[in-house]
Amino acid sequence: MILDSSKILNDLKIWSHELGFQDLGVAGLNVKDDFSQLENWIQNGYHGSMSYLEKNKDKRLDPSKLVPDTTCVITVRANYLPEPLDHAVSTLKDPRLAYVSRYALGRDYHKVLRGKLRQLARKLNDKIGDFGYRAFTDSAPILERALARNSGLGWVGKHTNLINKADGSMFFLGEIFTDLPLDITARLKKNHCGTCVSCIDVCPTKAIVSPYKLDARKCISYLTIESKDSIPTELRASIGNRIFGCDDCQLFCPWNKYAKVTPIKDFMPRSRLNNRTLLELFSMNRDEFELLTRGSAIRRISYEQWVRNLAVAMGNSRYSRKTLSALYKRRFFPDQMVREHIEWAITRLENNSLNPDAIDK
Ligand code: SF4
Ligand code: SF4
């Protein structure tokens, strides 16, 4: 059978919209330049303890090493914002509330998107017959951002996320590796960051060390999710009330005035995670934490990391008797690393109690 590549692309675009994706492209397999940049970045130690990035180099460099016979990669993006951006900003500004990165408020995106990608591939299968494919989303050694950019889904901003002119940057990426001989879709000709440096200026920990270069070791997303260790003391105050990830460089990017609420119901906030106080989350025991985060991307962190992050955020909140006594109650937390963060928070709040401007009345 002779395949009509443009007809297939057209069908895929229609079906992908029906499934909740906003864009679809097709990328070739050449990601050599991005691979070299990754190598440099790792050599500089910017990846911190994410040693998995040092592995499977051959697969990252050549997608056909990950899935043999791959000829091209179908790329998609799906907006994840569950509510308008101004709600995120107001949560961030309220030191009593816990801020969870917007992508993690709903159901775990890995499961949701992989399911949708498989549905998309099956629709094509029904139409053209058998072909080889495998679906991925943030789950394998793949230079996802490079493939998405190469296929025209957006440009890489100075904060290192992909940006799309119509929708900003708050979207997930997904891929279908396939052996179909599809035509490649064109890469954007222009990067639209221009002279803007908002993301660099606004980053609380100055983790964007220069345009397009992120020192993950300073990034709040890394510190609150990837890192299982003690959070460096000098960075704790800048973490504010962010207990899982950080969105600031995206929230204050001018292109995100175009960010849209997702049509995917699974990404709507679960368990009121968009509106919880630090105090109520900090007081949860391990069982309650597990119940709260069942089926959520937050499960990526342990209960110890959760309590550690909350202790830091409580230390950054205004003094109140309730907050201080909640910290006292957990002073004997079994894990020494977590205990040290609780002590840090107690000291901060005790100091705040002497400052009338830092008291929650
Ligand atoms: S996610 Fe937060 S800490 Fe990380 S680079 Fe962006 S603004 Fe900085
Ligand atoms: S804030 Fe400005 S520089 Fe940073 S990614 Fe957005 S447009 Fe680019």
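Definitions and limits used
Residues numbered from 1 in each chain as written. Chains lettered and ligands numbered in written order. Predicted model: local features only at pLDDT ≥ 70, side-chain atom pairs only at ≥ 80, totals over all residues. Heavy atoms only, no water. Near = heavy atom within 4 Å. Helix = DSSP H or I, 4+ residues; strand = E, 2+ residues; numbered from the N terminus. Nonpolar A, V, L, I, M, F, W, Y, C, P; charged D, E, K, R; others polar. Domains from an automatic or database assignment. Expected span 1.5 Å × (residues − 1). Buried < 20%, exposed > 50% of the residue type's maximum accessible area, 1.4 Å probe, protein only. Arc of directions from axis to C-beta. Contact = heavy atoms within 4.5 Å. Core = buried A, V, L, I, M, F, W, Y, C linked by side-chain atoms within 4.5 Å. Phe/Tyr/Trp six-rings, centres within 6.5 Å; stacked < 30°, edge-to-face > 60°. Salt bridge = Lys/Arg side-chain N within 4 Å of Asp/Glu carboxyl O. Patch = residues over 30% accessible without salt bridge, like charges linked within 9 Å, V, L, I, M, F, W, Y side chains within 5 Å. Areas by Shrake-Rupley, 256 points an atom, 1.4 Å probe, with all protein chains shown as cover. Lys, Arg positive; Asp, Glu negative; His and termini not counted. Charge placed at Lys NZ, Arg CZ, Asp CG, Glu CD. Pairing = 2+ DSSP bridges. Axes fitted to C-alpha atoms, helices over the stretch in contact; angles between N-to-C directions. Buried area = accessible area lost by both parts, 1.4 Å probe. Parallel < 35°, antiparallel > 145°, perpendicular 65-115°, else oblique. Left-handed = near helix turned anticlockwise from the far one by under 90°. Polar contact = N/O pair within 3.5 Å; in protein donor to acceptor, adjacent residues only side chain to side chain.

## Some remarks on the site of ligand 1
1) Next: Every residue lining ligand 1 is accounted for by C203, P204, T205, I208, L214, C219, I220, S221, C246, D248 and C249.
2) Next: Within the residue set of the shell around ligand 1, elements represented by two or more residues are α9 (220–226) and α11 (248–251).
3) Next: When the residues that make up the shell around ligand 1 are grouped by side-chain class, the tally is eight nonpolar, two polar and one charged.

## A few points about the site of ligand 2
1) Next: Neighbouring ligand 2 are the residues G157, K158, H159, I163, C193, C196, S198, C199, C253, P254 and W255.
2) Next: Residue composition of the shell around ligand 2, grouped by class: seven nonpolar, three polar and one charged.
3) Next: Lining the shell around ligand 2 are residues from two domains, each supplying at least three of them: domain 1 (5–81 + 106–178) and domain 2 (198–358).

## What about helix α1 (residues 5–19)?
1) Next: Compared with an ideal rise of 1.5 Å per residue, which puts 15 residues at 21 Å, α1 spans 21 Å between its outermost C-alpha atoms and is within 8% of the ideal.
2) Next: Considered for burial, the residues of α1 that qualify are S5, I8, L9, D11, L12, W15, S16 and L19. Each buried residue of α1 lies within a common arc of 165° when the element is viewed along its axis, so the set occupies one face. When the buried face of α1 is taken as reference, the exposed residues oriented beyond 90 degrees from it are S6 and E18.
3) Next: On its buried side, α1 packs onto β1 (23–27), β2 (72–79) and α6 (109–128).
4) Next: Immediately downstream of α1, the backbone of G20 shows phi near 105°, a positive value.

## Observations concerning the nonpolar core
Nonpolar side chains tend to gather and get buried jointly when the protein is soluble and globular.
1) Next: With 105 residues, the main nonpolar core has Y103, I243, F282, I298, W306 and I342 as its most contacted residues.
2) Next: Counting contributing residues, this core receives three or more from each of domain 1 (5–81 + 106–178) and domain 2 (198–358).
3) Next: The contacts of F282, once residues within four sequence positions are left out, are V307, L310, A311, M314, A326, L327, R330 and I342.

## A short note on the packing of aromatic side chains
1) Next: One pass over the structure, following the stated rule, counts 14 aromatic pairs.
2) Next: Note on Y109 and F172: the rings are 4.2 Å apart at their centroids and 10° apart in plane angle, and the pair reads as stacked. Placement of the pair is Y109 in helix α6 and F172 in strand β7 (residues 171–178), with a sequence separation of 63 residues.
3) Next: For F172, a relative accessible area of 8% puts it in the buried group.
4) Next: Aromatic pair F289 and W306: ring centres 5.1 Å apart, planes at 40°, arrangement tilted.

## Some thoughts on helix α14 (residues 303–315)
What sets the pattern is the α-helix's 3.6 residues per turn: residues three or four places apart point alike.
1) Next: Between its terminal C-alpha atoms α14 stretches 18 Å, which fits the 18 Å expected from 13 residues at 1.5 Å a residue.
2) Next: Counting buried positions along α14 yields 13 of 13 residues, so the element is predominantly enclosed.

## Here's the deal with the pattern of salt bridges
1) Next: Taken as a whole and assessed by the stated rule, the structure comprises 20 salt bridges.
2) Next: Put simply, E280 and R276 hold a salt bridge, and the shortest N to O gap is 3.1 Å.
3) Next: According to the relative accessible area criterion, E280 is partly exposed, its value standing at 28%.
4) Next: Judged by its relative accessible area of 11%, R276 is buried.
5) Next: Three or more residues joined by partner-sharing salt bridges are found here, namely D23, R77, D167 and K260.

## Details of a positive patch on the surface
1) Next: Taken together, K111, R270, R294 and R299 make up a surface patch of like positive charges.
2) Next: Position of R294 among the secondary structure elements: in the loop between α13 (286–292) and α14.
3) Next: Among the residues examined, R294 registers a relative accessible area of 57% and is labelled exposed.

## Focus: the sheet that holds strand β4 (residues 133–136)
Sheets are built from strands that pair by backbone hydrogen bonding, the pairs being arranged parallel or antiparallel.
1) Next: Strand order across the open sheet formed by four strands is β1-β2-β7-β4, with antiparallel pairing between neighbours. Each edge of the open sheet is held by one strand with a lone partner, namely β1 and β4. Sheet twist, expressed as the average angle between the axes of neighbouring strands with direction ignored, equals 20°.
2) Next: Lying over the sheet, α1 contacts β1 and β2, oriented at roughly 145° with respect to β1.

## Details of the domain arrangement of the protein
1) Next: Split by domain assignment, the protein resolves into domain 1 (5–81 + 106–178) and domain 2 (198–358).
2) Next: Just the C-alpha atoms count here: the centres of domain 1 and domain 2 sit 29 Å apart.
3) Next: At the junction of the two partners, domain 1 supplies 39 residues and domain 2 supplies 34 residues.
4) Next: Counting each side, the surface lost to burial between domain 1 and domain 2 is near 3200 Å², with a carbon and sulfur contribution of 61%.

## Let's talk about the packing of helix α15 (residues 321–329) against helix α16 (residues 336–352)
1) Next: Interhelical geometry of α15 versus α16 gives an angle of 155° and a closest axis separation of 10 Å. In terms of their interaxial angle, α15 and α16 are classed as roughly antiparallel. The handedness of the crossing between α15 and α16 is left-handed. Here T323, L324, L327 and Y328 of α15 lie close against α16, whose contacting residues are I342, A345, I346, L349 and E350.
2) Next: Classifying every residue of the contact of α15 with α16 gives seven nonpolar, one polar and one charged.

## A closer look at the side chain of T178
1) Next: Looking at the secondary structure, you find T178 in strand β7.
2) Next: For T178, a relative accessible area of 1% gives the class buried.
3) Next: Within the structure, T178 has its side chain in polar contact with the backbone oxygen of G132 (distance 3.1 Å).
4) Next: Separated by 3.1 Å, the side chain of T178 and the backbone nitrogen of L180 make a polar contact.

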